[in-house]
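Structural description and commentary
As a plain string of letters, each chain reads:
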Amino acid sequence: MSYKITLILGDGIGPEVAGAAVRVLEATGVGFDFEEVLAGEEAMKTFGTPLPDETLNSIRKNKVALKGPVTTPIGTGFRSVNVGMRQALDLYANLRPAKSFVGVPSRYQDIDLVIVRENTEGLYCGIESIDEARTRAESINLITRKASERIVRFAFEYARREGRKTVTAVHKANILKATGGLFLEVARSVAADYSDIKFNDRIVDNMAMQLVKDPYQFDVIVATNLFGDILSDLCAGLVGGLGLAPGANIGESCAVFEPVHGSAPKYAGQNKLNPTATILSAVLMLRHLGERRAADKVTAAVEQVLAEGKSVTYDLGGRVSTSEMADAIISKMDESG
Ligand code: NAD
């Protein structure tokens, strides 16, 4: 039996890191049949759109996708493929774990946090405009009871399933009284259904400071779209950088697994950056598929390579390339049998 998986290699460093993750997946012994489709700059060249229907339909059909990062033009150009894909497929929960690894140089050890980011609305809802003279611009921060309720419930269900103790809701309800206020009100009411899990909330600016000062006080963090995006990069920084931060976009019917980081265009084609974030995203995919043994095997191999610190990329103080780090992970998997 093999799993049919939609594969989007992405832009910039995407083909290098996603290619590394595919090789690791193929070395698990689990059968995969990858259906490669385009998104981002390549899709724009071929189809005249960065997110072709063919790509969305492939994910709808296969239900699971592995995705490299794609480039979004800054301040102009086409709308983000990532946001478009998350909205089109209703991938409402963006799960972003941040976990320390032995041997990785970072400010803290033993961090084990999970960000649950609302993925479909907030300031990413796509309702924005600018006048012709470019003197005034506005963006709508859309918050609905329905999306707030399902993301907070997702966070509590995740906490319960994974044996986690606390859920912290992040907001700016002191200033954004309508949008932040609604999100917080819903979070408090959902929390009342989970008396076994502690609940608290933080205003986002204080949260940023507290995360840097004492991250150990947090466990599962649930946030609206923009705050979740910013705080998950902050949390990646706590454990050694974006090269180590995996992610999953999960909806009712499909899931897309991709690293937190972007396409890092200035490093494209250099075979230089860290494939770990994408490989760990593939691990999240294996767990989603119920392939727990394979997931544990890849995780153990990644942990060993990081702990030894010899076959790691430059961001972790090493000298090997993206593909050589993947080779080292695969040989640890082979050694473990
Ligand atoms: P980025 O994450 O691509 O890179 C920022 C910096 O982080 C890099 O310069 C590099 O120093 C470091 N970094 C990133 N990935 C790394 C890795 N695997 N190993 C080691 N270090 C790594 O962010 P950016 O430069 O702000 O964005 C570049 C493009 O990526 C933009 O077009 C942006 O829209 C897009 N983006 C895409 C996604 C996605 O596809 N999910 C996510 C974020 C950004």
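Fair warning: this is a prediction, and the values are worked out from it, not measured in the lab.

Quick look at a nonpolar patch on the surface
A grouping of Ile-127, Ile-140 and Leu-142 is seen on the molecular surface, where their side chains present a nonpolar patch of about 230 Å² in accessible area. In this fold, Ile-127 is placed in the loop between strand S5 (112–118) and strand S6 (128–130).

A short note on the packing of helix H1 (residues 14–26) against helix H11 (residues 322–336)
Across the interface, H1 lies against H11 with an axial gap of 10 Å and an inter-helix angle of 15°. The orientation of H1 with respect to H11, classified from their angle, is roughly parallel. In the packing of H1 onto H11, the handedness of the crossing is right-handed. Contacts between H1 and H11 involve Glu-16, Val-17, Ala-20, Arg-23 and Val-24 from the former and Thr-322, Ser-323, Ala-326, Asp-327, Ile-329, Ile-330 and Met-333 from the latter. For the contact of H1 with H11, the residue count by class is 7 nonpolar, 2 polar and 3 charged.

Quick look at helix H9 (residues 276–288)
The terminal C-alpha atoms of H9 lie 18 Å apart, and with 13 residues this matches the ideal 18 Å at 1.5 Å per residue to within 8%. The element H9 is largely enclosed, with a buried count of 11 among its 13 residues. Of all the positions in H9, only Thr-276, Ala-277, Thr-278, Ile-279, Leu-280, Ser-281, Ala-282, Val-283, Leu-284, Met-285 and Leu-286 are classed as buried. Within two residues after H9, Gly-290 carries a phi angle of roughly 85°, on the positive side.

A look at the site of the ligand
Surrounding the ligand, one finds 20 residues, the nearest of these being Val-70, Thr-72, Asn-82, Gly-262 and Ala-264. Contact between the ligand and Thr-72: an oxygen atom at 2.8 Å from a main-chain N or O atom of the residue. Taking Asn-82, its side chain carries an N or O atom lying 2.9 Å from an oxygen atom of the ligand. Computed on the free molecule, the ligand has an accessible area of 810 Å², of which 72% lies beneath the protein chains in the complex.

Section: the nonpolar core
Formed by 66 residues in total, the largest nonpolar core has its most connected members in Phe-32 and Leu-66. Aside from chain neighbours lying at most four places away, what touches Phe-32 is Ser-2, Tyr-3, Ile-5, Leu-25, Met-285, Leu-286 and Leu-289.

Focus on the environment of Leu-25
Within the secondary structure, Leu-25 is located in helix H1. Taking relative accessible area as the criterion, Leu-25 reaches 1% and is therefore assigned buried. Residues Leu-25 and Ile-330, spaced 305 residues apart in sequence, show a C-alpha to C-alpha distance of 9.2 Å. Apart from the residues within four sequence positions on either side, Leu-25 is in contact with Val-30, Phe-32, Phe-34, Leu-66, Ala-282, Met-285 and Leu-286.

Some thoughts on the sheet that holds strand S1 (residues 2–8)
Strand order in this open sheet of 10 strands is S2-S1-S3-S12-S11-S4-S5-S10-S8-S9, and the pairing throughout is mixed. Whereas interior strands pair on both sides, the edge strands pair on one side only; in this sheet they are strand S2 (31–36) and strand S9 (198–203). Within the sheet, the average angular offset between the axes of one strand and its neighbour, ignoring direction, is 25°. Packed onto the sheet, helix H3 (residues 53–62) meets S1, S2, strand S3 (64–67) and strand S12 (255–257) and runs at close to 155° relative to S1. Helix H8 (residues 225–238) contacts strand S4 (93–99), S5, strand S8 (166–171) and strand S10 (220–223) of the sheet and is inclined by roughly 160° relative to S5.

Looking at the pairing of S1
Here S1 lies mainly inside the structure; 5 of its 7 residues are buried. Note on the crossover from S1 through H1 to S2: the handedness is right-handed. Here S1 runs beside S3; their pairing, made up of 3 bridges, is parallel. Of the residues in S3, the one forming a bridge with Ile-8 is Lys-67.

Quick notes on the pairing of S2
Where S1 meets S2, 6 bridges bridge the pair, whose relative direction is parallel. Its bridge partner being in S2, Tyr-3 is matched across the sheet by Phe-32.

Concerning the side chain of Thr-120
With respect to the secondary-structure elements, Thr-120 resides in the loop between S5 and S6. We classify Thr-120 as buried; its relative accessible area is 14%. At a separation of 2.6 Å, a polar atom in the side chain of Thr-120 contacts the side chain of Glu-118. Leaving out residues up to four positions away in the same chain, Thr-120 has contacts with Arg-86, Gln-87, Asp-90, Leu-91, Tyr-92, Ala-147, Arg-150 and Asn-225.

Comments concerning the pattern of salt bridges
Applying the stated criterion across every chain, the model contains 20 salt bridges. Where Asp-229 meets Arg-117, a salt bridge forms, and the shortest distance between an N and an O atom there is 3.4 Å. One end of the pair, Asp-229, is in helix H8; the other, Arg-117, is in strand S5, with 112 residues separating them in the sequence. For Arg-136, the salt bridge is made with Glu-138, and the minimal N-O distance between the two is 3.1 Å. Salt bridges linked by common partners bring Lys-4, Glu-35 and Lys-61 together as one network.

About the cut-offs
Residues numbered from 1 in each chain as written. Predicted model: local features only at pLDDT ≥ 70, side-chain atom pairs only at ≥ 80, totals over all residues. Heavy atoms only, no water. Patch = residues over 30% accessible without salt bridge, like charges linked within 9 Å, V, L, I, M, F, W, Y side chains within 5 Å. Areas by Shrake-Rupley, 256 points an atom, 1.4 Å probe, with all protein chains shown as cover. Salt bridge = Lys/Arg side-chain N within 4 Å of Asp/Glu carboxyl O. Helix = DSSP H or I, 4+ residues; strand = E, 2+ residues; numbered from the N terminus. Axes fitted to C-alpha atoms, helices over the stretch in contact; angles between N-to-C directions. Parallel < 35°, antiparallel > 145°, perpendicular 65-115°, else oblique. Left-handed = near helix turned anticlockwise from the far one by under 90°. Contact = heavy atoms within 4.5 Å. Nonpolar A, V, L, I, M, F, W, Y, C, P; charged D, E, K, R; others polar. Expected span 1.5 Å × (residues − 1). Buried < 20%, exposed > 50% of the residue type's maximum accessible area, 1.4 Å probe, protein only. Near = heavy atom within 4 Å. Polar contact = N/O pair within 3.5 Å; in protein donor to acceptor, adjacent residues only side chain to side chain. Core = buried A, V, L, I, M, F, W, Y, C linked by side-chain atoms within 4.5 Å. Pairing = 2+ DSSP bridges. Right-handed = clockwise from strand over helix to strand, strands pointing away.

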